[in-house]
Amino acid sequence: MKKNEKEDSETSRLLGGQNTSRHVQLETDSVPDVVTYGSATDEQTEQVVSDTETPAEEEGFSCRRASKRQILSFICVASLNFSGYCYYSVIAPFFPDEAIKRGASQTVVGLIFGCFAVVNFLGGLVFGKYLTAIGSRFMLTSGVFVGGSCSVLFGLLEYTEGTTFIVFCFAIRSIEALGVAGFQTAGTAILTHAFPNNVATVMGSLEIFTGLGLMAGPPIGGVLYDLGGFKTPFMTMGGLLLCCCVFVTVLIPPQPDEQEGKTDVPLLSFFKIPAFLIACGLAIIVACMLDYIDPVLQPYLIKEFKTSPVRIGLMYLLWAAIYSVLAPAWGRLADKKKWVPIMVPLGMLVTSVGTLILGPSPLLTDYVHILPKTEWVNTVGLAVIAVSVGASLTPIVNIMLWAASDAGMETNFAMYGVVSGVMNAFFAIGDLVGPLGSSALAQRFGFPWTSTAFGGLILFYMLIVVAFYTYNGCLKTRSVPHVIPTEGERERLLA
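Residues numbered from 1 in each chain as written. Predicted model: local features only at pLDDT ≥ 70, side-chain atom pairs only at ≥ 80, totals over all residues. Heavy atoms only, no water.

> Pulling in residues and values, what's your account of the environment of Cys 280?
Along the chain, the position of Cys 280 falls in helix α14 (residues 274-291). A sequence separation of 145 residues divides Cys 280 from Ala 425, and the C-alpha atoms of the two residues are 9.0 Å apart. Discounting chain neighbours no more than four positions away, the residues touching Cys 280 are Phe 271, Met 400, Val 422 and Phe 426. (Helix = DSSP H or I, 4+ residues; strand = E, 2+ residues; numbered from the N terminus. Contact = heavy atoms within 4.5 Å.)

> Before we move on, can you summarise the nonpolar core with the specific residues and values?
With 99 residues, the main nonpolar core has Phe 276, Met 348, Met 400 and Val 422 as its most contacted residues. Residue contributions to this core peak at 13 residues, all from α14. In contact with Met 348, other than residues within four places in its own chain, are Leu 282, Ile 285, Ser 392, Ile 458, Tyr 461, Met 462 and Val 465. Core analysis: the second largest hydrophobic core is formed by 23 residues, Tyr 87, Phe 94, Ala 104 and Val 108 among them. (Core = buried A, V, L, I, M, F, W, Y, C linked by side-chain atoms within 4.5 Å. Buried < 20%, exposed > 50% of the residue type's maximum accessible area, 1.4 Å probe, protein only.)

> Now, about unusual backbone geometry: what can you tell me, with residues and values included?
A cis amide bond links Gly 359 to the next residue, Pro 360, at an omega of -15 degrees. Among the structural elements, Pro 360 can be located in the loop between α17 (340-357) and α18 (362-367).

> Please provide a residue-by-residue account of the packing of α14 against helix α20 (residues 396-406), values included.
Remark: α14 packs on α20, axes separated minimally by 8 Å, with the N-to-C direction vectors making an angle of 165 degrees. Classified by the angle between their axes, α14 and α20 sit roughly antiparallel to one another. In this structure, α14 crosses over α20, and the sense of that crossing is left-handed. For the pair formed by α14 and α20, the contact residues are Ala 275, Phe 276, Ala 279, Cys 280, Leu 282 and Ala 283 on the first element and Ile 396, Ile 399, Met 400 and Ala 403 on the second. Here the residues of the contact of α14 with α20 are counted per class, giving 10 nonpolar, no polar and no charged. (Axes fitted to C-alpha atoms, helices over the stretch in contact; angles between N-to-C directions. Parallel < 35°, antiparallel > 145°, perpendicular 65-115°, else oblique. Left-handed = near helix turned anticlockwise from the far one by under 90°. Nonpolar A, V, L, I, M, F, W, Y, C, P; charged D, E, K, R; others polar.)

> Can you lay out the side chain of Thr 365 for me, pointing to particular residues and giving the numbers?
Mapping Thr 365 onto the fold places it in helix α18. Classification of Thr 365 by relative accessible area gives buried; the value is 13%. There is a polar contact of 3.3 Å between the side chain of Thr 365 and the side chain of Asp 366. If we skip the residues at most four places from it in the chain, Thr 365 touches Pro 360, Leu 371 and Pro 372. (Polar contact = N/O pair within 3.5 Å; in protein donor to acceptor, adjacent residues only side chain to side chain.)

> Describe in detail the pattern of salt bridges, supporting the description with residues and values.
This model, assessed by the stated rule, comprises 3 salt bridges. Between Glu 176 and Arg 173 there is a salt bridge, with the nearest N and O atoms lying 3.3 Å from each other. One end of the pair is Glu 176 and the other is Arg 173, both in helix α9 (residues 162-194) and 3 residues apart, which spans about a single turn. Across the pair, exposure class does not vary: Glu 176 and Arg 173 are buried alike. (Salt bridge = Lys/Arg side-chain N within 4 Å of Asp/Glu carboxyl O.)

This is the structure in structure tokens:
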């Protein structure tokens, strides 16, 4: 014992004061019991996982190697993603015209759609903070039940018109937004906990079902409307969601918050973290890029190129297909922390190029004469956006989790809930700002300049992201890491 103490004293003398603390840390440190989203490298994270996770969960996102809990969680949330986005897009072919026929102005129709995003934003923040208090499984199933019930109630508005129709549209749409915020927040948190080391890969895989829902919704809505009128699409989709509610209630596994109980998480503390704020802004920008074309592209193509509705539908189908296929690949790359500072700015840069091609921008047609003003150029622009936007979308949850963990917050189910709620809330802001902004700009300046403006917006935010990562990297470079001496170094110094 005395010999060991003498060796420790000699090591302290040789290594100096700072190295003494390193030696003590060598004797006391141990592998953490919980996998966190800290600043550890990918290699360190993999080592921690191999010591703590079960063999079924350490291999990553794979149906062949995943555990039963992981498979059931993914199936339930994926089915809700498909059904929810199918319902979201099913009203596109007929509702605006029906609302105008029943006494609503074009502005009121826009507000009916806009109120959904406002309530969804507020609901996401509240549900994220109180996820563990409410219970993730209860929030998931009750949110689906509320959404399905509101869909059925919307179908009954066939028997109303005028002020009554408008008032009930706002009321039902707002309640529906709360339900959607509930099951989106709970679903994202459940999957984040089920796949803690492959979050972006799983979120990217979910986008396959999002794309399928967006592709299937409009044609299903048009067919159902032709067969049975206004109420048939709403009744059908409402029934689908209610069936999903039963399906999810039976299959969704028990979640950790049922054992952990209520965990208080200070929501405002998250917004004091610079990287977290960068991710919130990124969520808004990406949502704007996904939604700004919805109200303005179709009228422009019909007016400028006499494009048929069938061809426009095929263009949107191509967009959704490319995005859905590539999203999992972007997600797998986004799970590597060192790649995120590169792929996010590059993805935003390519997306801004796509927005300039879409139209195309007068900068490219009237000033430098690079592109012709044709329909196929717009198809190429949509494809470029679909290829690149996933690079900015899939890392958002990971960036938020890394930022919170680096700030010293405990990685638990409550934190997953806050991150999930905040992400969905800020996506809702983009879902509102994108269509409203593009509609106002297109009415004043036309679609080509509108698309140019949105390209400039994403380019501007790309510069902010680059500046942040550059500054953050310089801070890490200036800080000298503590190096723990190896056994070989200790023996050499003691020799």
